[in-house]
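Here is what each chain is made of, one letter per residue.
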Amino acid sequence: MQRTTATFGNSHVVIEAGVNPPDATTIVERKGLGHPDTLADHLAERLSRAYSRYTVEHFGAVLHHNFDKLALLGGASEVRYGGGRMTSPVRVLVNGRAAPMCGGETIPVTEIVEAEVRAFFAERLPEVADHLDIAYNITSNSSPGAVLTGDAVPDRTRWFNPRSIDDLRERRVRLSNDTSLGTGWAPESPFETFVRDLVDHFSGQSDFTRAHQWCGSDVKLMGYWDGQHADIVLCVPQKSRHVASRAEYVQNAEAVLAECHRLADSRLPGADADFRLNARDMPEKDELYLTYTGSSIESGDEGVVGRGNRVNGLITPLRPMNLEGASGKNPVYHVGKLYNIAALRLASRLNEATGEHAEVHLVSTTGQRLDQPWRVLVRLAAGEVEIDKVQALITEALEEFPALTDELVHDGVVLS
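Model, not experiment: these values are computed from the prediction. (Residues numbered from 1 in each chain as written. Predicted model: local features only at pLDDT ≥ 70, side-chain atom pairs only at ≥ 80, totals over all residues. Heavy atoms only, no water.)

A few words on the overall build of the chain. The helix and strand inventory of the chain stands at eight helices and 20 strands. Here the chain has a C-alpha radius of gyration of 23 Å; the compact-globule value for 416 residues is 22 Å, and the two agree. Along the first, second and third principal axes, the C-alpha set of the chain runs to 75 × 60 × 30 Å. Counting every position in the chain, which comprises 416 residues, the buried fraction comes to 52%. (Helix = DSSP H or I, 4+ residues; strand = E, 2+ residues; numbered from the N terminus. Rg over C-alpha atoms; globule rule 2.2 N^0.38 Å. Buried < 20%, exposed > 50% of the residue type's maximum accessible area, 1.4 Å probe, protein only.)

Okay, the nonpolar core next. Formed by 38 residues in total, the largest nonpolar core has its most connected members in Leu 43, Leu 63, Leu 70, Leu 72, Val 92, Val 117 and Phe 121. Contributing elements (two or more residues each) for this core: helix H1 (36-59), strand S8 (90-98), helix H2 (109-124) and strand S11 (132-139). Considering each element in turn, this core owes the most residues, nine residues, to H1. Not counting the four nearest positions on each side in its chain, Val 92 is found in contact with Leu 43, Ala 71, Leu 72, Val 117, Phe 121, Leu 132, Asp 133, Ile 134 and Ala 135. Val 311, Leu 338, Val 385 and Leu 404 belong to the second-largest nonpolar core, a separate cluster that totals 35 residues. (Core = buried A, V, L, I, M, F, W, Y, C linked by side-chain atoms within 4.5 Å. Contact = heavy atoms within 4.5 Å.)

A full pass over the atoms with the stated rule returns 30 salt bridges. Salt-bridge contacts for Glu 192 lead to Arg 319; the nearest nitrogen and oxygen are separated by 2.9 Å. Note that Glu 192 is positioned in helix H3 (residues 190-203) and Arg 319 in the loop between strand S18 (302-304) and helix H6 (335-354), a separation of 127 residues in sequence. What makes Arg 319 buried here is its relative accessible area of 12%. A single network of salt bridges, built from pairs that share partners, joins Arg 3, Glu 16, Glu 359 and Arg 379. (Salt bridge = Lys/Arg side-chain N within 4 Å of Asp/Glu carboxyl O.)

If you trace the five strands from one edge of the open sheet to the other, you get S1-S2-S20-S19-S12, paired in mixed fashion. Pairing within the sheet leaves two strands with one partner each, and these edge strands are strand S1 (2-8) and strand S12 (181-186). When the angles between neighbouring strand axes are averaged without regard to direction, this sheet yields 10°. Direction of pairing for strand S19 (residues 358-363) relative to strand S20 (residues 375-380): antiparallel, over a ladder of six bridges. Along S20, the bridge assignment pairs Glu 359 with Arg 379. Sitting on the sheet, H6 is in contact with S12, S19 and S20, with an inclination near 25° to S12. (Pairing = 2+ DSSP bridges. Axes fitted to C-alpha atoms, helices over the stretch in contact; angles between N-to-C directions.)

Turning next to a negative patch on the surface. A cluster of like negative charges, contributed by Asp 226, Asp 231, Asp 272 and Asp 274, occupies part of the molecular surface. A residue is classified by how much of its surface remains accessible, and Asp 274, at 40% relative accessible area, is partly exposed. (Patch = residues over 30% accessible without salt bridge, like charges linked within 9 Å, V, L, I, M, F, W, Y side chains within 5 Å. Areas by Shrake-Rupley, 256 points an atom, 1.4 Å probe, with all protein chains shown as cover. Lys, Arg positive; Asp, Glu negative; His and termini not counted. Charge placed at Lys NZ, Arg CZ, Asp CG, Glu CD.)

Written as structure tokens, this is what we have:
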């Protein structure tokens with residue numbers, strides 16, 4: 001293994017070449033669009049984006065906020081063949097902080113949040129949209145560090161109550177908000193890509209879901225791959241008002257399994273694939289994954305930011321990964337968001353440049369410049385690499401944070 005170290009500004013960079021690539025054995029999980037954890041992630045990110053757009057439009061900058069502790073508490077429902085109803089609302093706990101004003105002008109934080117929450121559920125789970133209980137646990141409290149000395153007001157106390165955007169430190173220099181890390185790797189294996197595509201096929205808009213209105217979106221998949229054989233456990237709910245009987249439910253489940261095998265034959269040619277669908281079903285007792293809304297959020301399940309898919313959309317315990325909940329974080333300087341995206345993109349570029357596996361870890365320390373991580377670790381399977389080219393790609397990735405912020409605010413990057 002070849003190991004090169006360098007210092008860029010305040011960053012200590014280590015580049016390792018000739019490391020062992022991942023072996024064929026893969027465990028991978030993905031949660032679909034209607035899974036409560038995915039709902040929490042995507043809603044938190046939507047709130048951050050809406051708030052950011054408002055403050056950019058009205059004040060010229062993204063004001064301080066974070067919605068990355070958002071949680072969903074499941075409601076209750078009654079499910080019958082051919083029908084059903086919500087009997088208790090889904091609780092949306094909007095936990096976080098947001099500047100409520102700037103320069104004396106009030107920001108309608110709760111109005112922004114409520115509009116986005118209701119629009120989100122109207123699009124994602126329309127059956128839930130009229131059964132929501134929104135709790136606003138939003139403060140503008142300052143982070144630790146504001147020590148009072150005499151009559152002076154510490155600058156930190158103005159971060160969430162700025163007199164103008166000039167009180168935002170990041171307007172002068174962007175510093176990491178936390179000691180944390182971002183992790184990325186590339187490329188995905190064909191099996192990992194298949195898992196992503198299969199879950200999206202059943203939980204999102206596809207020819208299958210358009211043709212089968214009974215298909216719910218709270219899809220979850222756990223897969224095991226040994227290089228030749230795939231074992232997959234898959235959950236696909238059905239919507240009760242489109243399922244008239246137990247026999248119809250069973251017939252629909254058979255259609256899902258047939259579609260799984262069809263896609264496996266085309267995406268994993270030559271491989272064996274075994275599928276187990278809705279493993280907890282007991283049709284003879286009418287205990288089935290039959291739901292009113294297509295999601296378990298209707299019946300007691302909970303969703304929390306950061307418990308679902310990583311930034312690359314997968315949960316891969318045999319790959320390097322971290323537990324940061326990126327969704328809902330401030331897109332200007334929150335390293336738990338920015339470093340994960342940057343690491344993933346840098347790994348993809350390094351994979352393209354070397355033709356082999358690449359792995360990137362960006363480690364921050366609180367208060368250090370965002371574009372100069374405390375530690376940068378690049379691990380490459382390629383035995384011979386052009387170090388100057390690798391260093392140039394690292395520098396390029398770290399210089400992109402202002403553009404990445406704009407992309408997150410205006411383009412709606414999907415994080416999971």
